[in-house]
Amino acid sequence: MTVVTDTALETFRARADALVAGHPVVTDNAYTRWFARGVATREEVRHLAVQFSVFSHLFIEAQLRKVINASSLDAYRSGKEILLNELGVVFRADHGHSTVDGGRFRFGAAHFEWLLRFGGPLGLGFDDLGKRKYGTPSTLHFCDELLRVYGSEDPSIAEGASYAVEHWAAAGFWKELIAGLQAFKARECPDLPLAFWTWHDEVEDDHAAHTADELADAFDVPGFDGERFLRGAEEMLDGVQVFWDGLERDRPRRGS
Ligand SMILES: [Fe+2]
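Residues numbered from 1 in each chain as written. Predicted model: local features only at pLDDT ≥ 70, side-chain atom pairs only at ≥ 80, totals over all residues. Heavy atoms only, no water.

Turning our eyes to something else, we now look at the overall build of the chain. For the chain, the count of helices and strands is 10 helices and 2 strands. Going residue by residue from the N terminus, the α and β elements of the chain occur as α-α-α-α-α-β-β-α-α-α-α-α. Against the globule reference of 18 Å for 256 residues, the chain gives a C-alpha radius of gyration of 18 Å, in line with a compact fold. Every one of the 256 residues in the chain was classed for burial, and the buried ones make up 48%. Sequence-distant contacts, at least 24 apart, represent 74% of the contacts inside the chain between residues at least 6 apart. Entry remark: accessible area of the chain is about 12300 Å², with carbon and sulfur atoms responsible for 55%. Looking at charge distribution, the chain has the averaged site of its 27 positive side-chain charges lying 7 Å from that of its 41 negative ones. (Helix = DSSP H or I, 4+ residues; strand = E, 2+ residues; numbered from the N terminus. Rg over C-alpha atoms; globule rule 2.2 N^0.38 Å. Buried < 20%, exposed > 50% of the residue type's maximum accessible area, 1.4 Å probe, protein only. Contact = heavy atoms within 4.5 Å. Areas by Shrake-Rupley, 256 points an atom, 1.4 Å probe, with all protein chains shown as cover. Lys, Arg positive; Asp, Glu negative; His and termini not counted. Charge placed at Lys NZ, Arg CZ, Asp CG, Glu CD.)

Quick look at the structure:
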């Protein structure tokens, strides 16, 4: 029985992985590929900072919705790890894994405050970052899809979206942005702190491992629907793609 179940899980995992690995936002992200070349101007870096801050800040709303809609206490707690860390509770090591349980809250550890420190040398302050009103239509479409799909009440759809987001994030876009930012920093902005970007890159592999366990857990939940999981994954990746395609279209010197 167990053998049959494991085979079904592995077959399904292979389908989910193929969907993520083959999606254009993973295989062909024109914006991050360009950004990695390090030729972005100050204005282009500022635009990225503002749009990323809107997504990153509004992501907290989607994460809270995911926690509220969690289908089990375990899922509720996993969601809270991400939510509270996002808000400024520092992870601490506990028997080989990281947790916010017993961790310490610091205002300055909120990911949004890291972005504020990043924005400073670019001339961006609290009044320039993180609010819905600063988002372009494509950024806001992505944020709304996060609420709708990632925060879905349907656990199969929500888990699919989670799986997609974590695997997309682990697939390399942080490294491409970091490469471009390092070049920009070296060229004209020596005081630019890159901690927001490098920290996220480092934890990404951890996150993706979490989500692999989540897939196994979700698969065992009565009522789990593989087709809805895959739909959630695909719709979420389509939303992510709208965000990056928007940034690509906003580049004034496209083609360079
Ligand atoms: Fe974050």
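Next up on the list: a negative patch on the surface. A cluster of like negative charges, contributed by D74, D213, D217 and D220, occupies part of the molecular surface. Per-element tally for the negative patch: the top contributor is helix α9 (residues 195-220), with 3 residues. Within the secondary structure, D220 sits in helix α9. In this structure D220 comes out as exposed when scored by relative accessible area, which is 56%. (Patch = residues over 30% accessible without salt bridge, like charges linked within 9 Å, V, L, I, M, F, W, Y side chains within 5 Å. Salt bridge = Lys/Arg side-chain N within 4 Å of Asp/Glu carboxyl O.)

The next thing to look at is the coordination of the iron ion. Protein coordination at the iron ion: the donors are E86 (OE), H111 (ND1) and H200 (NE2), at 2.1 to 2.5 Å from the metal. Look at H111 and you get buried, because its relative accessible area is 1%. (Donors = N, O, S within 2.8 Å, 3.2 Å for Na, K, Ca; no water.)

Counting 65 residues, the largest nonpolar core has F52, F118, W197 and W244 as its most contacted members. For this core, the elements supplying multiple residues, two or more each, are α1 (2-22), α3 (30-35), α4 (42-68), α6 (111-119), α7 (137-150), α8 (155-188), α9 and α10 (226-250). At 13 residues, the largest contribution of residues to this core is made by α8. Look past the residues within four positions of F52 in its chain and what remains in contact with it is F173, W174, L177, F196, W197, F243 and W244. (Core = buried A, V, L, I, M, F, W, Y, C linked by side-chain atoms within 4.5 Å.)

A few words on α6. For α6, the full list of buried residues reads H111, F112, W114, L115, F118 and G119. Seen from one end, α6 has its buried residues packed into an arc of 155 degrees, which puts them on one side. (Arc of directions from axis to C-beta.)

What follows concerns the packing of α4 against α6. The N-to-C vectors of α4 and α6 enclose an angle of 170 degrees; their axes lie 10 Å apart at closest approach. Our classification of the angle between α4 and α6 gives roughly antiparallel. Touching V45, A49, S53, S56 and H57 of α4 are F112, L115 and F118, all from α6. Taken together, the residues of the contact of α4 with α6 break down into 5 nonpolar, 3 polar and no charged. (Axes fitted to C-alpha atoms, helices over the stretch in contact; angles between N-to-C directions. Parallel < 35°, antiparallel > 145°, perpendicular 65-115°, else oblique. Nonpolar A, V, L, I, M, F, W, Y, C, P; charged D, E, K, R; others polar.)

Before going further, it helps to spend a moment on the environment of E44. By the element assignment, E44 lies in helix α4. On the accessibility criterion, E44 (7% relative accessible area) is buried. For E44 and I82, which are 38 residues apart along the polypeptide, the C-alpha to C-alpha distance reads 29 Å. Of note is the side chain of E44, whose polar atom sits 2.9 Å from the backbone nitrogen of T41. (Polar contact = N/O pair within 3.5 Å; in protein donor to acceptor, adjacent residues only side chain to side chain.)

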